[in-house]
Amino acid sequence: MNSSLCHGWVSHRRLTPRVHAFRYRIGMLYVDLDEQPQLLGLSRWLGTSLLAPLSWRERDFLPALTRQGQSLADAARTLVGQATGETPEGAVHLLTQPRSWGLSFNPVSFYFCHDRDGRLAAILLEVRNTPWRERFHYVLPVQAGRPRQFAVAKAFHVSPFMPLDMDYRLRFFLDAQHIRIHMENWREGHKVFQADLALSRQALTATSLRRHILAFPWMSLRTVTSIYWQALRLLFKRTPLHDHHASQDSLGLGRPTREESEHVHSHPDR
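All values derive from a computational prediction rather than experimental measurement.

Engineer: Help me understand the state of the cysteines, please; the structure alone is not making it clear to me.
Structural biologist: Here a disulfide denotes one covalent bond, and it connects the sulfur atoms of two cysteines. Counted according to the given criterion, the structure contains zero disulfides. Looking at C113, it has no disulfide partner, and the nearest cysteine sulfur is the one in C6, 17 Å off. What makes C113 buried here is its relative accessible area of 0%.

Laid out in structure tokens, this is it:
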């Protein structure tokens, strides 16, 4: 199988206006969306039931399209095509946290979209926030022979502790054993934040899936509670807050709609 389990670490570090950092263990799935039938047949611990230890449901992702009957792979291709003018026709691989014990939340899911020759053509980021339950999508076109490094203007309010007038700089490294994703936030020529996701890939079997669930039994709940715990720590440090709606209106972006709406933004490599 191309699909795999991914175990590793996620770390965040804020550099200003208050220094703040944390690092957590994390478990994710890297799924070749063509292999969903095999995935669902691996273990009774993973199924389509909302209350399963791990629940795999396409409608949890890109809901504006998948809840209208489009497959998740085609939904990802559609959004890439809308943003770049070229629709990839190859496999789509998704790095994400599936729904766990009824709860579904991913700060970001990564769709690696390939062309018909198997080359990576674009990376789609599905970003979510809490408590507003909004979604936004960034499309990063991949140019053959060039480093997988990207710069894109921030266009979606994620944290009340971060303003909107920033740029993201992202780097990706993927091979058969590892996935590394590095992101930085820059504002007025200064780096103010960085995040790293460092994962090791493991073969996906019934045995390894059972061990994964035992190692990360409440991954979605842990993600949400960690977000609010870190927010509380930032409040204790008197970190300035930025208004959710005003920050978006000031840039003329309007307000993101709720879960079913889709927004797409793209930028070429630079």
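Engineer: Any chance you could explain the pairing of strand 12 (residues 190-203) here in plain terms?
Structural biologist: Look at any regular strand and the pattern is simple: side chains alternate between the two faces of the sheet. Strand direction decides the pairing type here: strand 1 (residues 4-14) and strand 12, joined by 11 bridges, are antiparallel. Note on strand 12: the bridge partner recorded for H12 is A195. Bridging between strand 11 (residues 178-187) and strand 12 involves 10 bridges; their strand directions are antiparallel. Counted as the bridge partner of H178 is S200 from strand 12. With antiparallel pairing between neighbouring strands as the criterion, strand 11 and strand 12 make up a hairpin whose turn holds two residues, including E188 at a positive phi of roughly 55°.

Engineer: So what exactly am I meant to see when it comes to the nonpolar core here?
Structural biologist: Side chains that are nonpolar tend, in soluble globular proteins, to be buried together. Judged by nonpolar contacts, the single largest core of 30 residues is most densely connected at L95, F112, I123, L125, Y138, F172 and L197. Discounting chain neighbours no more than four positions away, the residues touching L197 are W9, V10, I26, M28, L95, F110, I179, R180 and I181. Grouped together as the second largest cluster of nonpolar side chains are 27 residues, L72, A75, L124 and L209 included.

Engineer: How should I be thinking about the confidence of the model for the protein chain in this particular structure?
Structural biologist: Detailed conclusions should not be drawn from predicted coordinates in areas where pLDDT is low. Confidence in the prediction for the protein chain averages 89 pLDDT; 90% of positions are at 70 or higher. In this model, residues 246-262 is a region of pLDDT below 50 whose contacts with residues beyond four sequence positions or in other chains number 38 contacts.

Engineer: For this particular structure, what's the right way to read the packing of aromatic side chains?
Structural biologist: Geometrically, a pair of aromatic rings is defined through the distance of the ring centres and the angle of the planes. Here the structure, examined in full by the defined rule, presents 10 aromatic pairs. Members of the aromatic cluster, joined through ring pairs, are Y30, F110, F112, F150 and F172. Stacked on the ring of W186, the Lys or Arg R169 has its end atom at 3.8 Å from the ring centre.

Engineer: How should I be thinking about the side chain of S226 in this particular structure?
Structural biologist: As for its position among the elements, S226 is in helix 5 (residues 219-236). For S226, the side chain forms a polar contact with the main-chain oxygen of R222, separated by 2.7 Å.

Engineer: Could you clarify how one ought to interpret a nonpolar patch on the surface in this entry?
Structural biologist: There is a patch of nonpolar side chains on the surface, built from W229, L232, L235, F236 and L241 and spanning about 550 Å² of accessible area. When its relative accessible area of 46% is taken as the criterion, W229 is described as partly exposed.

Criteria and cut-off values
Residues numbered from 1 in each chain as written. Predicted model: local features only at pLDDT ≥ 70, side-chain atom pairs only at ≥ 80, totals over all residues. Heavy atoms only, no water. Disulfide = S-S within 2.5 Å. Buried < 20%, exposed > 50% of the residue type's maximum accessible area, 1.4 Å probe, protein only. Pairing = 2+ DSSP bridges. Helix = DSSP H or I, 4+ residues; strand = E, 2+ residues; numbered from the N terminus. Core = buried A, V, L, I, M, F, W, Y, C linked by side-chain atoms within 4.5 Å. Contact = heavy atoms within 4.5 Å. pLDDT = per-residue confidence, 0-100. Phe/Tyr/Trp six-rings, centres within 6.5 Å; stacked < 30°, edge-to-face > 60°. Lys NZ or Arg CZ within 6 Å of the ring centre and 35° of its normal. Polar contact = N/O pair within 3.5 Å; in protein donor to acceptor, adjacent residues only side chain to side chain. Patch = residues over 30% accessible without salt bridge, like charges linked within 9 Å, V, L, I, M, F, W, Y side chains within 5 Å. Areas by Shrake-Rupley, 256 points an atom, 1.4 Å probe, with all protein chains shown as cover. Salt bridge = Lys/Arg side-chain N within 4 Å of Asp/Glu carboxyl O.

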